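# Secondary and tertiary structure notes
So you can see what is in the structure, the chains are spelled out below.
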Amino acid sequence: MHTPTDPATGRGMTLFALLMLMLGLLTGLTRGAWLDAALWLALGLFLGCYGLITLDRWPRYRRALLALGLLAGALAFGLALWRWR
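The structure presented is a predicted model; accordingly, all values stated were derived computationally and were not measured.

So, about the pattern of salt bridges. The tally for this structure, following the rule as stated, stands at three salt bridges. A salt bridge links D36 to R31, with the nearest nitrogen and oxygen atoms 3.5 Å apart. By relative accessible area, D36 is classed as buried at 16%. By relative accessible area, which is 59% here, R31 ends up exposed. Measuring nitrogen to oxygen at the nearest pair gives 3.0 Å for the salt bridge that ties D56 to R62. Given a relative accessible area of 34%, R62 falls into the partly exposed group. Because the salt bridges share partners, they merge into one network encompassing R31, D36 and R83.

Structure representation (structure tokens):
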């Protein structure tokens with residue numbers, strides 16, 4: 001288990017979140033599958049917020065990142081349920 005402020009884990013999560021965000025944009029713009037794109041974008045935003053919290057670069061915005069990540073995670077969960085029902 002990593003510590004709450006592990007820079008290596010935070011960088012990896014943030015980079016993976018950027019890849020997920022790019023995949024979401026690519027899915028939405030090229031195929032027009034906006035529900036799938038929204039799912040990837042919400043997952044990327046969730047992981048990016050948690051990665052930035054883990055990096056501890058912006059301790060001033062920790063609560064805002066936590067709230068945004070929570071909302072994005074709930075949106076991703078709802079979209080996943082809607083998509084695969």
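Next, the rest of the story.
The backbone phi angle of D56 is positive, close to 60°, even though this residue is not glycine. Mapping D56 onto the fold places it in the loop between α2 (34-55) and α3 (62-83).

Two numbers describe how helix α1 (residues 7-31) lies on α2: the axes approach to 7 Å, and their chain directions differ by 165°. In this view, α1 runs roughly antiparallel relative to α2, as classed from their interaxial angle. Judged by the twist between their axes, the crossing of α1 over α2 is left-handed.

Viewed as axis vectors pointing N to C, α2 and α3 meet at an angle of 150°, and their least axial separation amounts to 8 Å. Taken together, the axis directions place α2 and α3 in an arrangement best described as roughly antiparallel. Here α2 and α3 pass one another in a crossing that is left-handed.

In this section: empty space enclosed by the protein. Applying the stated rule across the entire model yields one cavity of 30 Å³ or more. In terms of lining residues, the largest cavity is bounded by L52, I53, D56, R57, W58, P59, R62 and L65. Mapped by element, the contributors of at least two residues to the lining of the largest cavity are α2 and α3. In terms of residue class, the lining of the largest cavity is built from five nonpolar, no polar and three charged.

Taking 1.5 Å as the rise per residue, α2 with 22 residues should run 32 Å; its terminal C-alpha atoms sit 31 Å apart, in good agreement. By the burial criterion, the buried members of α2 are D36, A37, L39, A42, G44, L47, G48, C49, G51, I53, T54 and L55. Its buried side turned inward, α2 meets α1 and α3. At the exit of α2 stands D56, carrying a positive phi of roughly 60°.

Thresholds applied
Residues numbered from 1 in each chain as written. Predicted model: local features only at pLDDT ≥ 70, side-chain atom pairs only at ≥ 80, totals over all residues. Heavy atoms only, no water. Salt bridge = Lys/Arg side-chain N within 4 Å of Asp/Glu carboxyl O. Buried < 20%, exposed > 50% of the residue type's maximum accessible area, 1.4 Å probe, protein only. Helix = DSSP H or I, 4+ residues; strand = E, 2+ residues; numbered from the N terminus. Axes fitted to C-alpha atoms, helices over the stretch in contact; angles between N-to-C directions. Parallel < 35°, antiparallel > 145°, perpendicular 65-115°, else oblique. Left-handed = near helix turned anticlockwise from the far one by under 90°. 1 Å grid on protein atoms, 1.4 Å probe; cavity = no way out; pocket = protein on both sides within 12 Å on 5 of 7 lines; lining within 4 Å. Points joined across faces, edges and corners; volume = space filled by probe spheres on them. Nonpolar A, V, L, I, M, F, W, Y, C, P; charged D, E, K, R; others polar. Expected span 1.5 Å × (residues − 1). Contact = heavy atoms within 4.5 Å.

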